Structure formats: structure tokens, C-alpha cells
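Okay, here's what each chain looks like letter by letter:
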2 protein chains.
Amino acid sequence: MSRNRPREEQANGQGDGVPGNGATAVRTAANGTAAAPASGARPTILDLAALCGVSPATVSNALADKPNVKAETRDLVRRKAREIGYHASSAARGLRMGRSWSIGLVVGDIANPFVPDVVRGVEDVVWRERKNLILCNTDFQAEKKTAYVRSLLDKQIDGMIVLSQILDAHDMERVAAAGIPLVTVNRRAPDFSTDYVGIDNQSGVRMAVDYLVSLGHRRIAFVKGLFRSSSADDRFAAFQAAVQAHGLDGDPSLAVQGDYSMESGDSAARSLMALSQRPTAILAANDLMALGALGALHDLGIRVPADVSVVGFDNIQLAEHPLLNLTTINHPKRETGDAAARLLLQRIAGDRTEPPRSVVLKPSLIVRGTTAPPQAVPKPRRRRPAAARGTAEGG
Amino acid sequence: MSRNRPREEQANGQGDGVPGNGATAVRTAANGTAAAPASGARPTILDLAALCGVSPATVSNALADKPNVKAETRDLVRRKAREIGYHASSAARGLRMGRSWSIGLVVGDIANPFVPDVVRGVEDVVWRERKNLILCNTDFQAEKKTAYVRSLLDKQIDGMIVLSQILDAHDMERVAAAGIPLVTVNRRAPDFSTDYVGIDNQSGVRMAVDYLVSLGHRRIAFVKGLFRSSSADDRFAAFQAAVQAHGLDGDPSLAVQGDYSMESGDSAARSLMALSQRPTAILAANDLMALGALGALHDLGIRVPADVSVVGFDNIQLAEHPLLNLTTINHPKRETGDAAARLLLQRIAGDRTEPPRSVVLKPSLIVRGTTAPPQAVPKPRRRRPAAARGTAEGG
DNA sequence: TTGTACGCGTTATCAC
DNA sequence: GTGATAACGCGTACAA
């Protein structure tokens, strides 16, 4: 608190720590020699202008690299600005320019392991343009969603990314009316009116089913996700289509409803294992549910993959842990965030009337240790020196 | 795109989607009857004032519930505001009031499973006051950190939370000079000048060691975290103290350096198992490293907890998965975020000269399946019907 | 209740 | 070509 800034304690003792408090008069009245700002209050463009002996307009132009300012003057302004630590107030320039250099990122639940990776991708791109990210966690509640959108619009955000959700019609309309570019991720706007980034759920699910079929599975269960998030229906539809295409067992009791949580995967697996005729494989609409299923099967003493194969979707970070070692469909998460941010920035910079674009990323199959031919002699779920573990892992 | 807003396509066709573009003249010139804003441009306080037949000052007062406005007028203003969808521009009121109703949240890596839970706690509290969260992901890079702080200050944020990092002296000073309240989480400011939320690492580590000792372990290894994040040194110091107190084997080769990543836990375990005299238990400074160790031990064919016990720290969500089932020290993550946000909001609202406060949360021991007496007949890592899994899990 | 100064940059217009 | 002047963006707070 008392590094090389003089009279710190005194200033604080007078309540000068509070911004915009009383120091105004001192500052605006440029005192003889230097016109340096009164300590504690942040310098304004007027301070800097006075200090450089030019007009505020010139300062603005100089800092913005406008052509109508002599190189000499520009450098002077630059130097002095650095000296006194001048930075333009975002509020002021935001008010004037109608922008805020920040973009709104609306997510359902940041604590879902899928989300932070996407956020990371977004942040990375946005950061390059020195824009800020306003994180809005909606908990999938309609009112919270609406309130956040309101707030973002009031802040004049430059753009908005909505992850695994849809805005209701009213919110959508407000965003459009404000002319704010919007990119939706994982769920398309009902009217296809916005830029979109997603994954080819169809082929992802298809890859999983094809793989299971190639192993010899004919009776494959599916754990559905919740409609509200991501493209749960896409994935289920793709599953049904794949079942059709392969002429697999279409028993409707093999499709159970989950909600993308680990718990729901747990109970889904339990109910599937309670069926008189069990499936030989379980495909879950996301990794969390697949992991939940894995846990339930473990508790039930059912061997994976010897007795039942399990496949997830998303490839979250921990799926590759040797003890989980989940076969899954990779969802390029960071690339998703990256693509969304790119689309958004392009839209912000460019022509906003061009028709909406889509980026559909390719999923890929990650074969790990939770899949094997049905009823087969179980093989070890991972390379390892012999003689260690028992049959539990399928040895 | 074409719900009940008339002439949408035409408006867009004329490039009217771009904010603050040309519509100004139309709007400010209040036309006879209603003075409703030109479609497309957002209404200002002047529009609303004209519409209500009062001054903008009265509108402002009415919406702010100031006492100096007749109830009748207030209701009229409120109603009309809702009708035309008036919301004050944050930039304008921010400029005037020197605030932004947003708080900066500086994290090292949002993709670290520890972080989103804390963020969730912060968001929850901040949301109640309808403030926004600006997420700054620094990747632990000094320049990025500094640039973000700069940007946050330019935005006149109301307050700032820094998670598991320290700002360098210059940044610290800037924040202090701007009078922006700051709460540090998991790492104290070197000069103890800010509000702080953390966990009692001392007693957390102590609980873990005590527990291992109570099981009969005498040779306990420790996987250190990286200095840059969290209180790695606290935890290591606590470990050393506990080793002393219990008179355990103080062999320095039992302390290996990690970096909080799963990979580092993996290699730490491998190097520990390569020792001529192996430890009987491994305590890691966070769960990720503990899980890495678990994976390595699995690959090496070393049984957990039969041959080696493993304890983590943090209790991340997936630690309780039945297949991981990690014994660990719980770090109340959401409560941490909650407490940090509360401290911050109090500081924002209240007296900023009061001395800094600290909140130190209590860790707790979560006994799961990765711990057992050394060399003991292994017990199952979790309840389950008999006869299922082999000895792998320690049956 | 209202008029108006103010917060702080940016940009269009104008002068040299 | 350089640079100054002034209007402007939009609320808020204080004096009237």
C-alpha cells in the first residue's frame, strides 16, 4: 500500500480513495507549470492536452493514429500519455461511439466440464482484439436469461455468443433490433437467422453406433439428453436413424431419458440393467452421463467392457483418465469457441446484412477402454505390465 | 427475424441495423403526437421525457425512486418506459456516476476444474445485485494479467476478484490508486493490503497426514504444486510440519515437484515408485495431480489402496466418481466464490478505508476409496454386491 | 419539478 | 497538411 507513491496515507486519510470525489476542481484548473492531474484522480484527455499544449481533439487523433497529425506531435502525445498513465475512459468513448469493446457470453452452467473449454476458445480469440468477455450464467432459467440479455444490451455490447441454449423470441428480437451480432453455439436459432457453430451430431452418433455394430453389438441403448441444452434431439434422432439403418433392435425401452448429469447417467444405467433383456452396449448423449453409467455398472458389479460397452459424447478432459478411459466421440470444444468468436468478430467488423453463416465441426471417434465385442473374452482396458490387476478391468 | 416488428426487412435493407446510424435526427426532433423513437434506434431519456410530458430529470428521478416526484408521475413514467422499452444506457450513466455495475474476475485458467465452481459462487452473489462479471483468463502470463487489469480499470469496474494469483506491484498500485476494491482469493497480497478469502491449508494438509498416520503410514510422499498458483508453499510447509510433528520419515526424495496438472501427478508418481524405498502413501497438493498419480499407479500395476494410498486436495467434482473415488480434502469452492463476492460487494457499498478483512474457510477430510492401511489386506474401494470385480480394485 | 452543467472522449466542420 | 472549435452521445445531480 505504500510503495513509491508519495503521501499515500494522507490521501487515503482524506477519503481520496473514492473515485471522482472532490478532486475535480483541482484537476480541471490546470496549474501553471505541468497541468499534471491531481494525485489520485485519473487523468482525462484535457489533462493530457494541456500537458502537451494541444487540443483534446489532437490528442484523440494522435492516439488513434489519424493522418491529420504531425509525427512529431503524435510522438509527444504518446510519450506524455505514457508518462502520466493516461487511458481513455471506456464509458466516455463507449457513449460516444456506441460500443463497449466487450462481448457477452451466455452459458447455461459454467461448472459443466464441457463449458470452460469452449469459453477458453472464445477468450483466446476475443483477447486478441482486446475485447472483454462478460460471462452470463443463466442456470437455464428463462428470467435470468432475459435479464442478462437486457443488461448486455444496456451495456452496448459489441456482440453476443449463446452457448447450448436458445433465446426466447422476445430476447431474440431485442438483440436483432439493437443490431447486435449474435452467434449461437450448439443450438440453432429456430428461424436460422443467426450465425451458428455446432458439431455434426448426426455423424458423431453414427460413428459411435457404427463402431459398436462393427464390434458385434445389436442391442444398443441410448441415454438421451435434456431438450433445453445442446442438440439432444439431434443426437437421439441420429441414434434412431442409425438403429434403423443397421436393422438393430429397436426396442423402445432401450431409450431412456437423462438430463446430461452424471446422476441421470447413473440411474439410466440402473434402469437399463433392470430390463429383462439387457442391452450389450450403452451410448450416452454426453460424457457425464456415460461416466455416471460407468459408476453405476461398477457398483452393480457389471464388468465394462466385458459385459457391457459404454460410449460417451464430448470427450471431456477427464474421460481420458486411465481409470475411466471412456470411449467417446470427440467434440472439438476449444475449436468451437474459437470458431464462434471468429464468426462474431467478423460480423462485428464487417457487413451485418450478409446472410447468416454456419460452421459445423467434425466429431471423431476416440476408442478407449470401455468398448469391446459383446460377451467376448474381455481384454485389458489399457496397456500395462502383466500380472497386476485382476479381472475387474476386464483382464 | 420477422415477428411482430413491421418493415423489418426494409429497415435492414437500408443498413439500419447498425446502431447510432443516421436515425439521430429523426429521433431527437420530437414529432407532434407521440415522440416515440424512430424504429430501430433505442429510445433515450429524452424520448421518454417528451412522451410523458416531463423533463428528463423527472424521468431519471422517477425511475430511480427518488422521493421528489409525485406518485402519479412516477407511475406514468414507469408505464411508458415499459411500453417503449426504455432502458438507460450504461455508458451514459457509467460516465456520469463513475461506475459500471460490473466486476472483474481474474482467473489463471478457467479450464481447471477447480475454477468454474468458484466462478459459480461469485456469479451467484454478483447476480443478485445485477452486476456483470467480466471474465479475465490470464493463462498466468504477466503481460496478459497487466493488460486485463488496465482494461478493467478503463472500464471503471466496481470491484475486482483475483483468483489464485497475485498481481504485480505496479498493477496492485494502479488498482489501489483507482480506488477499486479488490479481493484476493487463495493467495494473499504480499502486503496484506486487500480483503482475502482462502482456506486453512495448514489444517487441511494436517488432516490428511493425520489420517494417513492413523492408518499406520510412516513414509508419506508429497507432490508439490507450482508456486505461481494457489498456496502451494503453504501446503508444502504444512506437510513438512506435520511430518515433523509425527516424527515421520523425512526423506527429502519423498517431496517431488508438480505443477498442479494431471500429467505432473502422473510423472511424480512414477518417479516416486522408482525409488528404492517406496512411500506407502502419496499426498498431492491438488486433486488433478492425485488423479494423475492414480492413473500412473494403475498403469504400473500398483494397487490402490492396497499397495499405495493416495490423497488429493480440493475435492473436484469428478473425484467422487466411483471409479476414481479419491480420498481428498474438501475445498469449499462455491463458498469461496460466495465469500469473495460478498466481501467485495460490502466493500463497494461501504467504507473503503476500513482495514482489510479475511475469510478463512475450513477444509474437511473426505474419506473415499484410495486410502487404506499400508500392506493391509486390501478392502473394496466401495460398497457393491459381492462376487463382481476381481482383486484389481482391492477386493 | 425543471433547467442545466457535467462526466469524457470523438468526429465533423472550420481556420490557418 | 495541421490543428482548433464545438457539437454530440445520454443520463445524473444540483441549483433554481
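The model shown is predicted, which means the values in this text are computed figures rather than measured ones.

K.L.:
For the pairing of strand E9 (residues 309-314) of chain B, give the residues involved together with the corresponding values.
P.N.:
Residue and element names in this part refer to chain B. In terms of burial, E9 is largely enclosed, as 6 of its 6 residues are buried. Considered for its hand, the β-α-β crossover made up of strand E8 (residues 281-284), helix H13 (residues 287-300) and E9 is right-handed. Here 4 bridges tie E9 to strand E10 (residues 327-330), and the two strands are oriented parallel to one another. Its bridge partner lying in E10, Asp314 is registered against Asn330.

K.L.:
Explain the sheet that holds strand E12 (residues 364-366) of chain B residue by residue, including any values.
P.N.:
Residue and element names in this part refer to chain B. Here 6 strands make up an open sheet; going across it, the order is E7-E6-E8-E9-E10-E12 and the pairing mixed. The strands lining the two open edges of the sheet, one partner per strand, are strand E7 (255-257) and E12. Averaged over all adjacent pairs, the angle separating strand axes in this sheet is 20°, with direction ignored. Against the sheet, helix H10 (residues 201-215) engages strand E6 (220-224), E8, E9, E10 and E12, with an angle of about 165° to E9. Each of E6, E7, E8 and E9 touches helix H11 (residues 232-246); the most contacted strand, E6, lies at about 165° to it.

K.L.:
Break down the domain arrangement of chain A for me, citing the residues and quoting the values.
P.N.:
Residues and elements named next belong to chain A. Taken as a whole, chain A is organised into domain 1 (7-95), domain 2 (100-199 + 336-361) and domain 3 (201-332). A C-alpha centroid distance of 30 Å is found between domain 2 and domain 3. Counting from both sides, the interface comprises 12 residues of domain 2 and, opposite them, 15 residues of domain 3. Considering only the surface of domain 2 that becomes buried against domain 3, Phe114, Arg187 and Ile199 emerge as the three largest contributors, covering 46% of it. Our enumeration of links across domain 2 and domain 3 arrives at 3 residue pairs in polar contact (both at pLDDT 80 or more). Taken together, the residues that form the side of domain 2 that touches domain 3 break down as 5 nonpolar, 5 polar and 2 charged.

K.L.:
Quick one: what's the story with the state of the cysteines, residue by residue and with numbers?
P.N.:
By definition, a disulfide links two cysteine residues through a covalent bond between their sulfur atoms. In the structure shown here, the tally under the stated rule is 0 disulfides over all chains. We note that Cys136(A) lacks a disulfide partner, and the nearest cysteine sulfur, in Cys136(B), lies 14 Å from it. In this structure Cys136(A) comes out as buried when scored by relative accessible area, which is 0%.

K.L.:
Please set out the packing of aromatic side chains residue by residue, giving values where relevant.
P.N.:
Residue and element names in this part refer to chain A. Scanning all chains against the criterion turns up 8 aromatic pairs over all chains. Ring plane angle 25° and centroid distance 4.7 Å describe the contact between Phe222 and Phe239, whose orientation is recorded as stacked. Of this pair, Phe222 sits in strand E6 (residues 220-224) while Phe239 sits in helix H11 (residues 232-246); the two residues are 17 residues apart in sequence, bridging distant segments of the chain. A relative accessible area of 1% means that Phe222 is categorised as buried. Its relative accessible area of 6% is what places Phe239 among the buried residues. Ring centres of Phe236 and Phe239 lie 6.4 Å apart, and the angle between their planes is 20°; this geometry places the pair in the stacked category. In this pair, Phe236 and Phe239 are both assigned in helix H11, 3 residues apart and thus about one turn of the helix distant. Summarising the burial analysis for this pair, Phe236 and Phe239 share the class buried.

K.L.:
Give me the lowdown on the protein's contact with DNA strand C, citing residues and values where you can.
P.N.:
For DNA strand C, the set of nearby residues contains 27 residues, the closest of which are Ile45(A), Arg93(A), Arg96(A), Thr58(B) and Lys70(B). The sugar-phosphate share of atoms of DNA strand C within 4 Å of the protein amounts to 68%. Between DNA strand C and the protein, one listed contact pairs a phosphate oxygen with a side-chain N or O atom of Arg93(A) at 2.6 Å. For DNA strand C, a base oxygen lies 2.5 Å from a polar atom in the side chain of Arg96(A). Elements that contribute at least two residues to the surface near DNA strand C include exactly helix H2 (24-28), helix H4 (56-63) and helix H6 (90-97) of chain A together with helix H4 (56-63) and helix H6 (90-97) of chain B. When residues of the surface near DNA strand C are assigned to their parent elements, the largest contribution, 4 residues, is made by H6(A). Of the residues in the surface near DNA strand C, the class split is 11 nonpolar, 10 polar and 6 charged.

K.L.:
Got a sec to walk through the packing of helix H3 (residues 45-52) of chain B against H4(B)? Specific residues and values, please.
P.N.:
All names here are of chain B. Viewed as axis vectors pointing N to C, H3 and H4 meet at an angle of 100°, and their least axial separation amounts to 8 Å. Judged by the angle between their axes, H3 and H4 are roughly perpendicular. Listed contacts from H4 to Ile45, Leu46, Leu48 and Ala49 of H3 are Pro56, Val59, Ser60 and Leu63. Grouping the constituent residues of the contact of H3 with H4 by class yields 7 nonpolar, 1 polar and no charged.

K.L.:
Give a description of unusual backbone geometry that names residues and reports values.
P.N.:
Of all residues except glycine, most have a negative phi; of all peptide bonds, most are trans. Residue and element names in this part refer to chain A. Residue Val304 is joined to Pro305 through a cis peptide bond whose omega torsion reads 5°. Tracing the chain through its elements places Pro305 in the loop between helix H13 (287-300) and strand E9 (309-314). The backbone phi angle of Tyr260 is positive, close to 75°, even though this residue is not glycine. Secondary-structure assignment places Tyr260 in the loop between strand E7 (255-257) and helix H12 (262-273). The backbone of Asn315 shows a phi angle near 60°, a positive value even though the residue is not glycine. Inspection of the secondary structure puts Asn315 in the loop between E9 and strand E10 (327-330). Under the relative-accessibility criterion, Asn315 is labelled buried at 13%.

K.L.:
Outline the side chain of Ser309(A), supporting the account with residue identities and numerical values.
P.N.:
All names here are of chain A. Within the secondary structure layout, Ser309 lies in strand E9. Classification of Ser309 by relative accessible area gives buried; the value is 0%. Side chain to side chain, Ser309 and His217 meet in a polar contact 3.3 Å long. Non-local contacts of Ser309, meaning those with residues more than four positions away in its chain, are made with Leu212, His217, Thr280, Ala281, Ile282, Thr370, Thr371 and Ala372.

K.L.:
Hey, could you go over the environment of Ala340(B) for me, with residue numbers and the actual values?
P.N.:
Residue and element names in this part refer to chain B. Mapped onto the fold, Ala340 is located in helix H14 (residues 333-349). Here Ala340 falls in the buried class, since its relative accessible area comes to 1%. Sequence spacing of Ala340 and Gly121 is 219 residues, and the spatial spacing of their C-alpha atoms is 8.7 Å. In this structure, Ala340 is in contact with Ile161, Val183, Val185 and Val197, ignoring residues within four places of it in sequence.

K.L.:
Talk me through the pattern of salt bridges; I want residue IDs and the actual numbers.
P.N.:
Residue and element names in this part refer to chain B. Within the structure shown, the criterion is met by 52 salt bridges over all chains. Across the pair Arg270 and Asp266 runs a salt bridge whose closest N-O atoms are separated by 2.7 Å. Placement of the pair is Arg270 and Asp266 together in helix H12 (residues 262-273), with a separation of 4 residues, close to one helical turn. Exposure remark for Arg270: the relative accessible area of 31% places this residue in the partly exposed category. Classification of Asp266 by relative accessible area gives partly exposed; the value is 21%. A salt bridge links Asp338 to Arg342; the shortest N-O distance between them is 2.5 Å.

K.L.:
Just give me the short version of the environment of Asn61(B), but keep the residues and values in it.
P.N.:
Residues and elements named next belong to chain B. Among the secondary structure elements, Asn61 is positioned in helix H4. Exposure remark for Asn61: the relative accessible area of 19% places this residue in the buried category. Along the sequence, Asn61 and Arg74 sit 13 residues apart, while their C-alpha atoms lie 8.3 Å from each other. Excluding its chain neighbours within four sequence positions, the residues that come into contact with Asn61 are Lys66, Asn68 and Val69.

K.L.:
Please give an account of the sheet that holds strand E3 (residues 159-163) of chain A that cites residues and values.
P.N.:
If you walk across this open sheet you meet the 12 strands as E11(A)-E5(A)-E4(A)-E3(A)-E1(A)-E2(A)-E2(B)-E1(B)-E3(B)-E4(B)-E5(B)-E11(B), and the pairing is mixed. Every interior strand has two partners, whereas the edge strands, strand E11 (358-361) of chain A together with strand E11 (358-361) of chain B, have only one. The average angle at which neighbouring strand axes cross in this sheet is 20°, direction not considered. Relative to E3(A), strand E1 (residues 102-107) of chain A is paired through 4 bridges, and the arrangement is parallel. Counted as the bridge partner of Ile103(A) is Gly159(A) from E3(A). Along the sheet, H14(B) makes contact with strand E1 (102-107), strand E3 (159-163), strand E4 (182-185), strand E5 (195-199) and E11 of chain B, crossing E5(B) at roughly 170°.

Parameters at a glance
- Residues numbered from 1 in each chain as written.
- Chains lettered and ligands numbered in written order.
- Predicted model: local features only at pLDDT ≥ 70, side-chain atom pairs only at ≥ 80, totals over all residues.
- Heavy atoms only, no water.
- Buried < 20%, exposed > 50% of the residue type's maximum accessible area, 1.4 Å probe, protein only.
- Helix = DSSP H or I, 4+ residues; strand = E, 2+ residues; numbered from the N terminus.
- Right-handed = clockwise from strand over helix to strand, strands pointing away.
- Pairing = 2+ DSSP bridges.
- Axes fitted to C-alpha atoms, helices over the stretch in contact; angles between N-to-C directions.
- Contact = heavy atoms within 4.5 Å.
- Domains from an automatic or database assignment.
- Buried area = accessible area lost by both parts, 1.4 Å probe.
- Polar contact = N/O pair within 3.5 Å; in protein donor to acceptor, adjacent residues only side chain to side chain.
- Nonpolar A, V, L, I, M, F, W, Y, C, P; charged D, E, K, R; others polar.
- Disulfide = S-S within 2.5 Å.
- Phe/Tyr/Trp six-rings, centres within 6.5 Å; stacked < 30°, edge-to-face > 60°.
- Near = heavy atom within 4 Å.
- Parallel < 35°, antiparallel > 145°, perpendicular 65-115°, else oblique.
- Salt bridge = Lys/Arg side-chain N within 4 Å of Asp/Glu carboxyl O.

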